[in-house]
Amino acid sequence: MEKIPSSEITPEQLYLNRRQFMIVAGSVAAGALLSACGARSETSASPTMPANSGAGSLPKSGSTTDELGGKLTSFDDITHYNNYYEFSVNKEDVAALALNFRTSPWTVQVGGLVNKPRTFTMDDLLRFTQEERIYRLRCVEAWSMVIPWTGFPLSKLLAQVEPQSNAKYVRFETLLDPKQMPGQRDGYFKWPYVDGLRLDEAMHDLTILATGLYGKPLPPQDGAPIRLVVPWKYGFKGVKSIVKIDLVEQMPVSFWMASAPSEYGFYANVNPEVSHPRWSQASERRIGEFSRRKTLMFNGYGDQVASLYQGMDLRKFF
Ligand SMILES: Nc1nc2c(c(=O)[nH]1)N[C@H]1C(S)=C(S)[C@@H](COP(=O)(O)O)O[C@H]1N2
Ligand SMILES: [Mo]
């Protein structure tokens, strides 16, 4: 048997080997930080808010593709082609600039219209059962990836703080630290990066806070130590390096709405029929592939999320 030098083993191979092992061993506890057990049976125990079971058709544990057969994007591409304007507007430069970003100690302050405001440490947040979610990520710039995230449903965290009845939206904020983040020394944008969700979108089971990818802790360039992932929306809704989450009554003004109001709206659901003012959204370039593929309504998650937008004009509410 040929021995592969460890320098040639990629994170994908390690990840797949580990998952093969876990399937064979029937073990859930192989990883200290991350368990790759299926996410499907998890439901929120919140007495006040019904849980969605949107993750019902996600790929089973052991899959090397998303549920539509799309291959996982390589670890190298996921970690070297990044949008993270706090570090650089050049995707290929982000990883190196974020290399020494301090992600510990880290806290996330959760407050606003809640009964039990609370500051969570990363230890607190890693105590939520960590699940694997293989999701497509569709950037508004018309490229896409398939990413094996680890994380937990945002609904679980929200249940703990008990949103009040007048809370209608959730607002997420990235760290403000121009010393560490060179992009924040640029006065063109209004920092910190902010975005938001309607409360029912935030409570949807597909919406997660990610703490890792490919079975490893989140790299800084992908939003370490914790970032939002909302797979049916354009990637810019996935706020990185979150320090603050507020339940609010009014629709938050996002970083992109403030920067270019004629180009970016609040909902930002992936929609092949609604063009960006400067380009079509009908197709996309899957990173690592040669030909373009058609963009799917709600990024292919329509069965799970379309009901959230019943009666809304999806052209108007971009
Ligand atoms: N704080 C912050 N979060 C951010 C961004 C950003 O510039 N700053 N870029 C967004 C955009 S446009 C995309 S497509 C995704 C990219 O995530 P990835 O680099 O992990 O693929 O992050 C989103 N989250
Ligand atoms: Mo994006």
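Here is a short report on the structure shown in this document.

Cut-offs and rules
Each chain has its residues counted from 1, following the order in which its sequence is written. By the order in which they are written, chains take letters starting at A while ligands take numbers starting at 1. With the structure being a predicted model, the display of local features is reserved for residues of pLDDT at least 70 and the display and counting of side-chain atom pairs for 80 or more, all residues being used for whole-chain, interface and lining totals. Excluding hydrogens and water, the side-chain figures rest on all heavy atoms present in the structure. Take the buried residues of types Ala, Val, Leu, Ile, Met, Phe, Trp, Tyr and Cys, join any two whose side-chain atoms come within 4.5 Å, and each joined set is a nonpolar core. We call a residue buried when its accessible area falls under 20% of the maximum for its residue type, exposed when it is over 50%, and partly exposed in between, using a 1.4 Å probe and counting protein chains only. Residue contacts follow a heavy-atom distance rule, with two residues in contact if any of their heavy atoms lie within 4.5 Å. Here, any two strands with at least 2 DSSP bridges between them count as paired. Each helix is a run of H or I in the DSSP string that is no shorter than four residues. Each strand is a run of E no shorter than two, and both are numbered from the N terminus. Only the contacting stretch of a helix is used when fitting its axis, a line to C-alpha atoms as for every element, and angles between N-to-C directions run 0 to 180 degrees. Whether two aromatic rings pair depends on their centres lying within 6.5 Å, for rings of Phe, Tyr and Trp, where Trp uses its six-membered ring; planes under 30 degrees apart make the pair stacked, over 60 edge-to-face, and the rest tilted. Whether a charge sits over a ring comes down to the Lys NZ or Arg CZ being within 6 Å of the ring centre and within 35 degrees of the ring normal.

### Quick notes on the nonpolar core
Reasoning step 1: With 85 residues, the main nonpolar core has Trp149 and Leu157 as its most contacted residues.
Reasoning step 2: In this view, Leu157 contacts Val110, Phe120, Leu125, Phe128, Phe152, Leu209 and Ile245; residues no more than four positions away in its chain are not counted.

### Concerning the sheet that holds strand 1 (residues 107-112)
Reasoning step 1: The strand order 2-1-10-5-6 describes an open sheet built from five strands, whose pairing is mixed. Edge positions in the sheet fall to strand 2 (118-121) and strand 6 (194-198), since each of these pairs with one other strand and no more. The sheet shows a mean angle of 20 degrees between the axes of neighbouring strands, taken without regard to direction.
Reasoning step 2: Two elements, strand 5 (residues 169-174) and strand 6, share five bridges in a ladder whose sense is antiparallel.

### Re the packing of aromatic side chains
Reasoning step 1: Applying the stated criterion across every chain yields a total of 25 aromatic pairs.
Reasoning step 2: Where Phe120 meets Phe128, the ring centres are 6.4 Å apart and the plane angle is 45 degrees; that geometry is what we call tilted. For the pair Phe120 and Phe128, a shared accessibility class is recorded, and that class is buried.
Reasoning step 3: Judged by centre distance (5.0 Å) and plane angle (35 degrees), the rings of Trp191 and Phe255 are tilted. One end of the pair, Trp191, is in the loop between strand 5 and strand 6; the other, Phe255, is in helix 7 (residues 255-259), and 64 residues separate them in sequence.
Reasoning step 4: Through a chain of ring-to-ring contacts, three or more aromatic side chains come together here, namely Tyr85, Tyr188, Phe189, Trp191, Tyr193, Phe236, Phe255, Trp256 and Tyr264.
Reasoning step 5: Positioned above the aromatic ring of Phe75, the side-chain terminus of Lys216 is 4.7 Å from the ring centre.

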